[in-house]
Amino acid sequence: MFDGKKRYLIPLYQRQYAWKVQPQLELLWEDIERAADRLRTDRASVTPHFLGAIVIAQIKTFGKEVQAFEIIDGQQRLTTFQILLAALRDVAVRHSPKWAAELRPYLLNEGVMAQEEVERFKLWPSRTDRRAFIGMIDPSANVDAITPPALNEEGFVRRAISAHVYFKDAIERHVVIDDSFDEFRFETLFEAMKDALAVVSIELEGGDDPQTIFETLNSRGVDLTPGDLMRNFIFQRAKGLGQNTGSLAVDNLYEKHWLPLDHTFWNQSASRGRQVRQRLDWMLTDHLSMKVADLVSVDRLFESYRRWILNDRPFGSVIEELEAISSTASIEKRLFDQDGDDPIGDFGLFADAFDVSTAMPLVIYLATEGCLGADLSRALAILKSYILRRDICGLPNKNYNRLFVGIIAHLRKAEGDKTDALFSYLSTRIAETDRWPDDSEWRRGWMERDQYKGPRQSRLRYIFEAIERAKRTALSEDISIKSTLTIEHIMPQSWVTNWPISGFEHLESGEFDPEFVARQSARSAAVNKLGNLTLLTQALNSSVSNGPYSVKMPSVRSNSSLALNRELNSYDAWNEETIAERGASLFDVALKIWAAPARDHDIMAVMEPLKNWLPVDGTCCRFTYSGTTYHAQVRDRALVVDGKTGSFASFSGASKAITDTNRNGWNDWQIARDEGDWMLADEWRRLRATGNA
């Protein structure tokens, strides 16, 4: 492949050089050594060893330009062969200059060229690997004049350099025996590389589909991420742009839109639930989910994206497609950066604390297509209040993924102000799975539910830090606390030993007193309430944390840089009554931070009689599941489903019979309206509850 005057160009959108010493380079070297040994010992038995396929497409060249091919697939193998030849040449320079001269034509073109400084290289890698590669192939080259340095890579060693070092060491050990250069072993090694190893070169013609071939060749045994597949799918549709100053013209698109996504920031791992993926894969999943307003599995990201692009044709050009991804990436990066002074970054902090990555597609929609401008902060505050209030009330979050993408579809249809539409939509939710708690319900959750549990500490820290900032704002204080704050119980969880209940000192050990038992229960119930929690700038040691009031309270109050703790000076004692008093005081501050829904009725009173309510007899209903639509009708106050035995008292019961899973049927079934269209059962229930149906 490297005989003669020709060039192979790796598009910038292809993966960076990724082969590692283990396993890829070691396996390749074993194949080469094995072939070289056979050439020396049993030449007649040598047959070419197949190393895979390379797919190329010829590029139009003009005048003195060197014949050029774009690499569709196989850039890892081709780059490795060049690195291997460069390592062989470097060993030859040390031991046998004539062999170094023999190897030069396999690395560099010679003769007349249009742009010699670029076209003399047989292989022209992507921007990220280019400097390292040029330095290996031609150590005398002025790398800075040929290609600019990469950003943010100080101290970073490219895998191409590591591969070059590995091969040089391996070749040196192979050809130097007892400190003496063995020319015959060198010659057979070179011959093994040229003749005993084989690759299939597939050159595409005009009607061939490069993406289909790429996917077929990479369908097994290759560690390609969804981002890798999407990148190739997108840029291989931006074909036919030719060359520009010795590089592919499509590279300009890559540099603007995808090169930033190839930086280490997006290659870092991030977890969502029990799944761990690269940040890039999460961003692309959120992007597609936002665009289609539906759930997208990260495991089926590429398949889903490809089908959407080919079937729906949502963009007029690849440029528009890339601009949309860049827009999403700019928002998702701010979510990952989690700058508390940036409304989007603060939502990233919030999403991490409350484990609501399912809201990301909606946030991206609000920040991009929503065109909210300065009103984005208000929209995000609404969303945070909705999630936080539900969390404090212990309402489930298992339906959030479907809820939030459903809101995107609703807002796209909404006319007028999108933030007002978001507020109105969330305010009118009534089911346990999606209602926005009003002040009354929220107060009950705040004052009556235990909030301290191990996994919830990040959420509590976010809540108390927000309250602390609000208190400082009220006091016109502008003090930044740099240390990591920790949640601390004021009265310790193990209160029995050092925090006795006053008034019962006369009881003998083990003596039963019903009032004392009741007070003990009340105190144990108060310990994990919000009123008994605070923030500290540094954690207390266990002896102080579990110590008596006289030891612990001064230690807590000493964290006087926090307004939360300065207020504790007003309490002369600390018990279940003062815990409730402080909890109510904190709630008053929280009311000013996290807004309430707009609702003119008691949601709990309305919901109770409608839990299993069905429309009037004769109403037609439908439910689509796994591509099949099931039809039903209400008869005698029950739902009768075509093809199913018996009847069902609720939509959820009918859904379970169809899917064999526990589901919220209100979000499954649609109800036929007199106007001839269909309404989601949950929407019908909401209107019924508010008297609008």
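All values reported here derive from a predicted model rather than from experimental measurement.

(A) Here's a closer look at the overall build of the protein. The secondary structure content of the protein amounts to 30 helices and 18 strands. Residues counted as buried form 49% of the 693 residues belonging to the protein. Across the protein, the fraction of contacts at a sequence separation of at least 24, relative to all contacts at a separation of at least 6, is 68%. Carbon and sulfur atoms make up 48% of the accessible area of the protein, which totals about 32,900 Å².

(B) Focus on the sheet that holds strand β14 (residues 620-625). Spatial ordering of the open sheet is given by β16-β15-β14-β17-β18, a layout of five strands whose pairing is antiparallel. In this open sheet, the two strands that pair with only one neighbour each are β16 (638-641) and β18 (678-680). With direction set aside, neighbouring strand axes in the sheet form an average angle of 35°. In the sheet, strand β15 (residues 628-635) pairs with β16 via four bridges, with the strands oriented antiparallel. Looking at the pairing, arginine 635 lines up with alanine 638 of β16. Contacts from helix α29 (residues 651-659) reach β14, β15, β16 and β17 (670-672) within the one sheet, and its direction differs from that of β14 by about 40°.

(C) Highlighting the packing of aromatic side chains. Applying the stated rule across the entire model yields 35 aromatic pairs. With centroids separated by 5.9 Å and ring planes inclined at 80°, the aromatic side chains of phenylalanine 233 and phenylalanine 302 adopt a geometry described as edge-to-face. With phenylalanine 233 in helix α10 (residues 226-235) and phenylalanine 302 in helix α14 (residues 301-312), the pair connects residues that are 69 residues apart, well separated along the chain. Across the pair, phenylalanine 302 and phenylalanine 233 agree in class, each one buried. Geometrically, the ring pair formed by phenylalanine 651 and tryptophan 669 is tilted, given 6.2 Å between the ring centres and 35° between the ring planes. Taken together, the residues phenylalanine 651 in helix α29 and tryptophan 669 in the loop between α29 and β17 connect sequence positions 18 residues apart. Ring pairing ties together the aromatic residues Trp99, Tyr106, Phe181, Phe186 and Phe190, which thus form one cluster. The side chain of arginine 279 reaches across the aromatic face of phenylalanine 336, ending 4.9 Å from its centre.

(D) Here's a closer look at α14. Relative to the 16 Å expected for twelve residues at 1.5 Å per residue, α14 spans 16 Å between its end C-alpha atoms, a close match to the ideal helical length. Remark: arginine 313 follows α14 within two positions and exhibits a positive phi of approximately 45°.

(E) Geometry of the packing of helix α15 (residues 318-337) against helix α17 (residues 360-367). The N-to-C vectors of α15 and α17 enclose an angle of 120°; their axes lie 10 Å apart at closest approach. The angle between α15 and α17 places the two elements in the oblique class. In the crossing of α15 with α17, the sense of the turn from one axis to the other is right-handed. On the side of α15, the interface is formed by Thr328, Ile331, Glu332 and Leu335, while α17 contributes Met360, Val363, Ile364 and Ala367.

(F) The arrangement of unusual backbone geometry in detail. The amide bond that connects glutamine 22 to the next residue, proline 23, takes the cis arrangement and shows omega of 5°. Summarising the element assignment, proline 23 is placed in helix α1 (residues 21-41). Even without being glycine, aspartate 355 reaches a positive phi, approximately 55°. Take aspartate 355: it is sitting in the loop between α16 (343-354) and α17. Of note, the phi angle at aspartate 660 is positive, near 60°, even though the residue is not glycine. For aspartate 660, the location among the structural elements is in the loop between α29 and β17. The class for aspartate 660 is exposed, based on a relative accessible area of 68%.

(G) Just the confidence of the model for the protein, in detail. Overall, the predicted model of the protein reaches an average pLDDT of 86, with 89% of residues at or above 70. At the level of individual helices and strands, the protein shows its lowest average pLDDT in helix α28 (residues 603-607), which scores 52, and its highest in α17, which scores 97.

(H) Representation of the pattern of salt bridges within the structure. Counting across every chain of the model gives 39 salt bridges. In this structure, the salt-bridge partner of aspartate 228 is arginine 231, at a minimum N-O distance of 3.2 Å. In this pair, aspartate 228 and arginine 231 both sit in helix α10, three residues apart, roughly one turn of the helix. Assessed through its relative accessible area of 8%, aspartate 228 is described here as buried. Overall, the relative accessible area of 3% leaves arginine 231 in the buried class. Linked by salt bridges that have partners in common, Asp375, Arg378, Asp417 and Asp420 make up one network.

(I) Focus on the environment of alanine 87. Inspection of the secondary structure assignment puts alanine 87 in helix α2 (residues 75-95). Alanine 87 gets classed as buried once you look at its relative accessible area, which sits at 0%. Sequence separation between alanine 87 and glutamate 172 is 85 residues, and the spatial gap between their C-alpha atoms is 9.4 Å. Setting aside anything within four residues of it in sequence, one finds alanine 87 in contact with His164, Phe167, Lys168 and Ile171.

(J) Structural view of the nonpolar core. By size, the foremost hydrophobic cluster in this structure holds 63 residues, and its most contacted members are Phe347, Leu366, Ile387, Phe404 and Trp446. Per-element accounting of this core gives the leading share, nine residues, to helix α18 (residues 376-392). In this structure, Phe81, Val118, Met136 and Ala163 belong to the second largest nonpolar core, which totals 60 residues.

(K) Structural view of the packing of helix α21 (residues 439-448) against helix α27 (residues 576-593). Running from N to C, α21 and α27 cross one another at 140°; their axes reach a closest spacing of 10 Å. One way to sum up the angle between α21 and α27 is to call them oblique. Relative to α27, the crossing made by α21 is right-handed. Contacts between α21 and α27 involve Asp439, Trp442, Arg443, Trp446 and Met447 on the former and, on the latter, Ala580, Gly583, Ala584, Leu586, Phe587, Asp588, Ala590 and Leu591. Split into classes, the residues belonging to the contact of α21 with α27 amount to nine nonpolar, one polar and three charged.

(L) Broad picture of the side chain of aspartate 513. Counting through the fold element by element, aspartate 513 comes out in the loop between β12 (486-489) and α23 (514-526). Nearest to the buried, unbridged aspartate 513 among oppositely charged side chains is arginine 519, at 9.3 Å. Of the polar contacts made by the side chain of aspartate 513, one reaches the backbone nitrogen of phenylalanine 516; its length is 3.0 Å.

(M) Inspection of the state of the cysteines at higher detail. Throughout the structure, instances matching the rule amount to zero disulfides. No disulfide involves cysteine 620; its sulfur sits 7.2 Å from that of cysteine 621, the nearest cysteine. Classification of cysteine 620 by relative accessible area gives partly exposed; the value is 36%.

Definitions and cut-offs
Residues numbered from 1 in each chain as written. Predicted model: local features only at pLDDT ≥ 70, side-chain atom pairs only at ≥ 80, totals over all residues. Heavy atoms only, no water. Helix = DSSP H or I, 4+ residues; strand = E, 2+ residues; numbered from the N terminus. Buried < 20%, exposed > 50% of the residue type's maximum accessible area, 1.4 Å probe, protein only. Contact = heavy atoms within 4.5 Å. Areas by Shrake-Rupley, 256 points an atom, 1.4 Å probe, with all protein chains shown as cover. Pairing = 2+ DSSP bridges. Axes fitted to C-alpha atoms, helices over the stretch in contact; angles between N-to-C directions. Phe/Tyr/Trp six-rings, centres within 6.5 Å; stacked < 30°, edge-to-face > 60°. Lys NZ or Arg CZ within 6 Å of the ring centre and 35° of its normal. Expected span 1.5 Å × (residues − 1). Parallel < 35°, antiparallel > 145°, perpendicular 65-115°, else oblique. Left-handed = near helix turned anticlockwise from the far one by under 90°. pLDDT = per-residue confidence, 0-100. Salt bridge = Lys/Arg side-chain N within 4 Å of Asp/Glu carboxyl O. Core = buried A, V, L, I, M, F, W, Y, C linked by side-chain atoms within 4.5 Å. Nonpolar A, V, L, I, M, F, W, Y, C, P; charged D, E, K, R; others polar. Lys, Arg positive; Asp, Glu negative; His and termini not counted. Polar contact = N/O pair within 3.5 Å; in protein donor to acceptor, adjacent residues only side chain to side chain. Disulfide = S-S within 2.5 Å.

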